Amino acid sequence: MSAIASSLPPQLPALDRVTRVDEVGVEERVARFCSRSVKQESKVHALKLALSMIDLTTLEGQDTCGKVTQLCQKAMHLHDALPGLPHVAAVCVYPTMVRVARQALRGHDIKVASVATAFPSGMAPLSVKLAETRVAVEEGADEVDMVISRGAFLQGDYSQVFDEIIAVKEACGRAHLKVILETGELGTLDRVRRASVLAMHAGADFIKTSTGKIQPAATLPVTLVMLQAIRDHYQATGRRVGMKAAGGIAKAKQALQYLVMLRETLGEGWLTAEWFRFGASSLVNDVLMQLEKQRTGVYQSADYFSRD
C-alpha cells in the first residue's frame, strides 16, 4: 500500500482516486476565459453581481471597533451617489470584532463572517481552534473561515486535516464553514485538487483559496481546479459546495474573468453570493469606478469613493 493510501481516513476512499491535474490543459482553458469580452449591458450586470459577492474584510492587528463599524457602513452604503447598487455579501473580521460588526449591521441581511482556527497560520492545538470557533459563533458569526493545517497536509497526514475539519464543522453549529486551503503554500495544482476533495468530504460548505496573507493567493488556474473539483463532487454526491476566491483580486476586469470561468464550469446555479464569493476588499472601489464609467462615459477619481 502506498504512503498516501495508508494515511487516508477510512471515510475518504475518494481521495485515493483523485487523478492528476493536466496543468497545460488548465492554463489553456484559463487563457480562453481571459480572452472573452463582456458587452456593455451584460458588463453592468456582471459588475453589480461581483459587488454582491464580495466579503468586505479587515484582518489586521490594528483593527479597532471604529474601523470595523466604518467598514460595515461601507458594506451597507457602497456609493449612495450611484443608484441601484447591491450590498456586499458579508463583512469578515476577527472573532473579537464579530459583536461589533453584528451591532453595526443590525437590521440588515449582510452576513457576518469570522476567521478562526489560529488564522492565518493554523498552528495551534485543536482544542484552541475549536474554542475560537465557538467564540466566533457565540458572538454572532453567520460564517466561519477556517484554515487547514498545511504542515500536516504537506507531510501526508490527511487524517489529521480531515478530522480537524469535521470537528470545526461541528463546532460551527448553525454557521456555514468556509475551509481555506492556502493554495500558495500547497505548491502544485495536484495538491490543490486533493485538498479540495478532502475538505468537501469533511463537510465544508465552501472551499476558499487563500488567507490573503501570502503570495500567490487566488489565481485563475488554482480557482479553476477548485471549481472543477466542486463540479465533480456535485455530480458524485448531489451536494453543492460554494467557492471563495480570496487575495490578489483588485481589478474589475479580473472579477469578470472569474465570473466567466464560474459560469462555464459550474453553470448559472452558482452565479450567486450563496455559492460564490470574492475575498477582495480592494476590488470594491475599482468595480464602482467601472460602473460610473459605464453610466457617464468617463472615469472618476478614486478620491470620490470611500476608502476601506
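Going by the structure above, here's the rest.
What counts and what doesn't
- Residues numbered from 1 in each chain as written.
- Predicted model: local features only at pLDDT ≥ 70, side-chain atom pairs only at ≥ 80, totals over all residues.
- Heavy atoms only, no water.
- Helix = DSSP H or I, 4+ residues; strand = E, 2+ residues; numbered from the N terminus.
- Expected span 1.5 Å × (residues − 1).
- Buried < 20%, exposed > 50% of the residue type's maximum accessible area, 1.4 Å probe, protein only.
- Phe/Tyr/Trp six-rings, centres within 6.5 Å; stacked < 30°, edge-to-face > 60°.
- Lys NZ or Arg CZ within 6 Å of the ring centre and 35° of its normal.
- Patch = residues over 30% accessible without salt bridge, like charges linked within 9 Å, V, L, I, M, F, W, Y side chains within 5 Å.
- Areas by Shrake-Rupley, 256 points an atom, 1.4 Å probe, with all protein chains shown as cover.
- Salt bridge = Lys/Arg side-chain N within 4 Å of Asp/Glu carboxyl O.
- Lys, Arg positive; Asp, Glu negative; His and termini not counted.
- Charge placed at Lys NZ, Arg CZ, Asp CG, Glu CD.
- Right-handed = clockwise from strand over helix to strand, strands pointing away.
- Pairing = 2+ DSSP bridges.
- Axes fitted to C-alpha atoms, helices over the stretch in contact; angles between N-to-C directions.
- Core = buried A, V, L, I, M, F, W, Y, C linked by side-chain atoms within 4.5 Å.

**Notes on helix H3 (residues 40-52)**
Thinking step 1. The terminal C-alpha atoms of H3 lie 19 Å apart, and with 13 residues this matches the ideal 18 Å at 1.5 Å per residue to within 8%.
Thinking step 2. All of the buried residues along H3 are Ala 46, Leu 47, Leu 49, Ala 50, Leu 51 and Ser 52.

**Structural notes on the packing of aromatic side chains**
Aromatic ring pairs are described here by two measures, namely the spacing of the ring centres and the angle between the planes.
Thinking step 1. Enumeration over the complete set of coordinates arrives at 6 aromatic pairs.
Thinking step 2. With centroids separated by 5.3 Å and ring planes inclined at 85 degrees, the aromatic side chains of Tyr 234 and Trp 270 adopt a geometry described as edge-to-face. Here Tyr 234, found in helix H11 (residues 220-237), pairs with Trp 270, found in the loop between helix H12 (252-266) and strand E8 (276-279); they are 36 residues apart in sequence, far enough to count as distant.
Thinking step 3. Exposure remark for Tyr 234: the relative accessible area of 31% places this residue in the partly exposed category.
Thinking step 4. For the pair Phe 276 and Phe 278, a centre-to-centre distance of 5.1 Å together with 85 degrees between the ring planes defines the contact as edge-to-face.
Thinking step 5. The exposure class of Phe 276 is buried, given its relative accessible area of 0%.
Thinking step 6. Of the residues examined, Phe 278 reaches a relative accessible area of 0% and is grouped as buried.
Thinking step 7. Joined through ring pairs, the aromatic side chains of Tyr 234, Trp 270 and Trp 275 make up one cluster.
Thinking step 8. Directly above the aromatic system of Tyr 234 lies the positively charged group of Arg 240, at a separation of 5.5 Å from the ring centroid.
Thinking step 9. For the cation-ring pair, Arg 240 lies above Trp 270, with the distance from its terminal atom to the ring centre recorded as 4.2 Å.

**Quick look at a negative patch on the surface**
Thinking step 1. The grouping of Asp 22, Glu 23, Glu 27 and Glu 28 at the surface amounts to a negative patch.
Thinking step 2. Position of Glu 27 relative to the elements: it lies in helix H2 (residues 23-34).

**Considerations on the pairing of strand E7 (residues 242-246)**
Thinking step 1. Burial analysis of E7 places 5 of its 5 residues in the buried class, the great majority of the element.
Thinking step 2. Alternating positions in E7 separate into two faces, Gly 242, Lys 244 and Ala 246 on one and Met 243 and Ala 245 on the other, with burial throughout.
Thinking step 3. On the question of chirality, the crossover connecting strand E6 (residues 206-208) to the parallel E7 by way of H11 is right-handed.
Thinking step 4. Relative to E8, E7 is paired through 4 bridges, and the arrangement is parallel. Bridge assignment links Ala 246 to a residue of E8, and that residue is Gly 279.
Thinking step 5. Assessed by its sense of winding, the connection that carries the chain from E7 through H12 to E8 is right-handed.

**Concerning the sheet that holds E7**
Thinking step 1. Taken in spatial order, the 8 strands line up as E1-E2-E3-E4-E5-E6-E7-E8 in an open sheet, and their pairing is parallel. Looking at which strands have only one partner, the edges of the open sheet turn out to be strand E1 (55-57) and E8. Going from strand to strand, the sheet's axes swing by 25 degrees on average, the running direction of each strand aside.
Thinking step 2. Sheet topology places strand E2 (residues 90-93) next to strand E3 (residues 111-116); 4 bridges connect them, and they run parallel.

**Some details on the nonpolar core**
Thinking step 1. By size, the foremost hydrophobic cluster in this structure holds 100 residues, and its most contacted members are Ile 165, Val 179, Leu 259, Leu 262 and Phe 278.
Thinking step 2. The greatest single-element share of this core, amounting to 9 residues, is contributed by H12.
Thinking step 3. Core analysis: the next-biggest nonpolar cluster, separate from the first, contains 7 residues, Leu 59, Cys 92, Ala 113 and Val 115 among them.

**Notes on the pattern of salt bridges**
Thinking step 1. Summed over the entire model, instances satisfying the criterion amount to 22 salt bridges.
Thinking step 2. Put simply, Asp 190 and Arg 20 hold a salt bridge, and the shortest N to O gap is 3.0 Å. Placement of Asp 190 in helix H10 (residues 189-201) and of Arg 20 in the loop between helix H1 (3-6) and H2 is noted, with a sequence separation of 170 residues between them.
Thinking step 3. In this structure, the salt-bridge partner of Arg 102 is Asp 142, at a minimum N-O distance of 2.6 Å. Taken as a pair, Arg 102 in helix H5 (residues 98-104) and Asp 142 in the loop between helix H6 (126-138) and strand E4 (143-147) lie far apart in primary sequence, 40 residues in all.
Thinking step 4. You can call Arg 102 partly exposed: its relative accessible area is 26%.

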